Amino acid sequence: MSGEEEENAAELKIGEEFLKAKCLMNCEVALILDHKYEQLQQMSDDPSNQISQVFEKSLQYVKRFSRYKNPDAVRQVREVLSRNQLAEFELCVLGNLCPETVEEAIAMVPSIKAKGRSNNDDDAIEKMLNDLALIKKFE
Amino acid sequence: MFLEIEMKSNVVVPPDQLYQNLLLHRSIILKLLEDVAHIKATQKHGYLVAVTSLKERGEGKVRDFSGEVIFPVVFKCLTFKPFVGEILHGVITQIMKHGIILKCGPVENVFLSLKKMEDFKYVHGENPIFVNDKNLKLERHGVVRFRVLALQWMEGQREFMLLASLEGDFLGPVSGMENSGLASSKCL
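This one's a predicted model, so the numbers in the text were calculated from it and none came from an experiment. (Residues numbered from 1 in each chain as written. Chains lettered and ligands numbered in written order. Predicted model: local features only at pLDDT ≥ 70, side-chain atom pairs only at ≥ 80, totals over all residues.)

1. Considerations on the overall build of chain B
Logical step 1: A tally of helices and strands in chain B yields one helix and 14 strands.
Logical step 2: Compactness check: chain B gives a C-alpha radius of gyration of 22 Å against a globular reference of 16 Å for 188 residues, more than 25% above the reference.
Logical step 3: The principal-axis extent of the C-alpha atoms belonging to chain B is close to 70 × 35 × 30 Å.
Logical step 4: Looking at the 188 residues of chain B, the share that counts as buried comes to 35%.
Logical step 5: Sequence-distant contacts, at least 24 apart, represent 53% of the contacts inside chain B between residues at least 6 apart. (Helix = DSSP H or I, 4+ residues; strand = E, 2+ residues; numbered from the N terminus. Rg over C-alpha atoms; globule rule 2.2 N^0.38 Å. Buried ≥ 20, exposed ≤ 12 C-beta atoms within 10 Å, placed from the backbone. Contact = placed C-beta atoms within 7 Å.)

Structure below.
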């Protein structure tokens, strides 16, 4: 942790570098790792050299905690969330935790209610959650 | 949170794997993946999960005595980095009198102290559990939604230790992860 300012993801204080880094939702990670796994089986003579425990545990985790499995649905989820001027980090927390109510969404990502973001009033959040629920329904 | 981060490294290719063009490229990638798999994690970037793409490959330099060639590379890496304040899902691996151990992806040690879930009570038995007055249960293999309270980098093991908390709205045991989403949970 850097000493300058205390890290707090709830307030979106995660350090400049990581704020700009590309965050990925669990469902996106699952697609990437599945693909990587297959690639390595073909490319390497002994894939166990390249597939670490960290890789395996992460794959197991994202498979269990992905709400969306279908690649089209995963893409749509990012699209819907992207319309709402969210930071990458906020977008992925919402995509991972799938809150069902506006209240829950704000509890999970308090920064979406932070000042100066008029676009994210309760109605906008509600619409976003409804859109996400719809994607799940038709997946 | 899973992140995609740009990283730099030097890949050392032994002489018997030096080929031309595509085959050399393959050797470099495989060696890079092997290196990344060995590093496991760094304090700055978190757990290194997988290399997603090789962006740049510099000119190789021959090492005088061994004949190995060193290539500077720039690549993108998928990492898992826990942040203080972040909300995550974990799976319970152990229940003790004074708290619970969870795992969360590559993180093996997430400790949830009894002090950070004070409405839950320990119930002794062959399979001990924690229960609160709304009859929500924390049991082995169960899923919990928690907030990261603090984290510590363990240089020796090259891993993170997390402290978890259930203090806050919509945190606690989660049921039915697979189907209709999250029929959770605790609402204070």
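There's more to say after this.
2. Looking at the pairing of strand β6 (residues 87-96) of chain B
All names here are of chain B.
Logical step 1: Direction of pairing for β6 relative to strand β12 (residues 143-154): antiparallel, over a ladder of five bridges. Each residue of the ladder has a partner; that of Gly90, found in β12, is Val144.
Logical step 2: Sheet analysis places β6 next to strand β7 (residues 99-104), joined by five bridges and oriented antiparallel. Paired with Ile92 across the strands is Leu102, a residue of β7.
Logical step 3: Hairpin connection of β6 to β7: two residues between the antiparallel strands. (Pairing = 2+ DSSP bridges.)

3. A short note on unusual backbone geometry
A negative phi angle is the norm for most residues apart from glycine, just as the trans form is the norm for most peptide bonds.
Logical step 1: The phi dihedral of Leu12 of chain A is positive, around 65 degrees, even though this residue is not glycine.
Logical step 2: The phi torsion at Asn21 of chain B lies on the positive side, around 45 degrees, for a residue other than glycine.
Logical step 3: By the secondary structure assignment, Asn21 of chain B is in helix α1 (residues 21-39).

4. Topic: the domain arrangement of chain B
Residues and elements named next belong to chain B.
Logical step 1: Domain annotation of chain B identifies domain 1 (2-80) and domain 2 (87-174).
Logical step 2: For domain 1 versus domain 2, the separation of C-alpha centres amounts to 36 Å.
Logical step 3: Across the contact, five residues belong to domain 1 and five residues belong to domain 2.
Logical step 4: In terms of residue class, the side of domain 1 that touches domain 2 is made up of three nonpolar, one polar and one charged. (Domains from an automatic or database assignment. Nonpolar A, V, L, I, M, F, W, Y, C, P; charged D, E, K, R; others polar.)

5. Some thoughts on the interface of chain A and chain B
Logical step 1: Taken together, the contact pairs 36 residues of chain A with 32 residues of chain B.
Logical step 2: Taken together, the elements giving at least two residues each to the side of chain A that touches chain B come down to β1 (22-24), α2 (26-43), α3 (53-64), α5 (88-97) and α6 (102-108) of chain A.
Logical step 3: Of all the elements, α3 of chain A adds the most residues to the side of chain A that touches chain B, at six residues.
Logical step 4: Counted by class, the side of chain A that touches chain B contains 22 nonpolar, six polar and eight charged residues.

6. Concerning the nonpolar core
General note: in soluble globular proteins, nonpolar side chains tend to be found buried as a group.
Logical step 1: Counting residues in each nonpolar core, the largest one holds 89 residues, and the members touching the most others are Cys23 of chain A together with Leu32 of chain B.
Logical step 2: The contacts of Leu32 of chain B, once residues within four sequence positions are left out, are Ser9, Val11, Val51, Leu54, Val73 and Phe75 of chain B. (Core = buried A, V, L, I, M, F, W, Y, C linked by C-beta atoms within 7 Å.)

7. Section: α3 of chain A
Residue and element names in this part refer to chain A.
Logical step 1: For α3, which comprises twelve residues, the first-to-last C-alpha distance of 17 Å matches the rise-based estimate of 16 Å (1.5 Å per residue) to within 8%.
Logical step 2: Within α3 the residues assigned to the buried category are Val54, Phe55, Ser58, Leu59, Tyr61 and Val62. The arc that holds the buried residues of α3, viewed along the axis, is 165 degrees, so those residues lie on one side. (Expected span 1.5 Å × (residues − 1). Arc of directions from axis to C-beta.)

8. Observations regarding the sheet that holds strand β9 (residues 121-123) of chain B
All names here are of chain B.
Logical step 1: Taken together, the three strands give an open sheet; going across it, the order is β9-β10-β11, and neighbouring strands pair in antiparallel fashion. The sheet is open, and its two edges are formed by β9 and β11 (137-138), each paired on a single side.
Logical step 2: Sheet topology note: the β9/strand β10 (residues 129-131) ladder contains three bridges and is antiparallel. Its bridge partner lying in β10, Lys121 is registered against Val131.

9. Describing the environment of Asn21 of chain B
Logical step 1: On the basis of neighbour count, Asn21 of chain B is assigned to the exposed category, with 7 C-beta atoms found within 10 Å.
Logical step 2: Separated by 126 residues in sequence, Asn21 of chain B and Arg147 of chain B have C-alpha atoms that sit 48 Å apart.

10. Quick word on the environment of Phe2 of chain B
Logical step 1: Along the polypeptide, Phe2 of chain B turns up in strand β1 (residues 2-13).
Logical step 2: C-alpha separation for the pair Phe2 of chain B and Phe71 of chain B, spaced 69 residues apart in sequence, amounts to 27 Å.
Logical step 3: Setting aside its immediate chain neighbours within four residues, Phe2 of chain B contacts Cys23, Leu24 and Val29 of chain A together with Leu78 and Phe80 of chain B.

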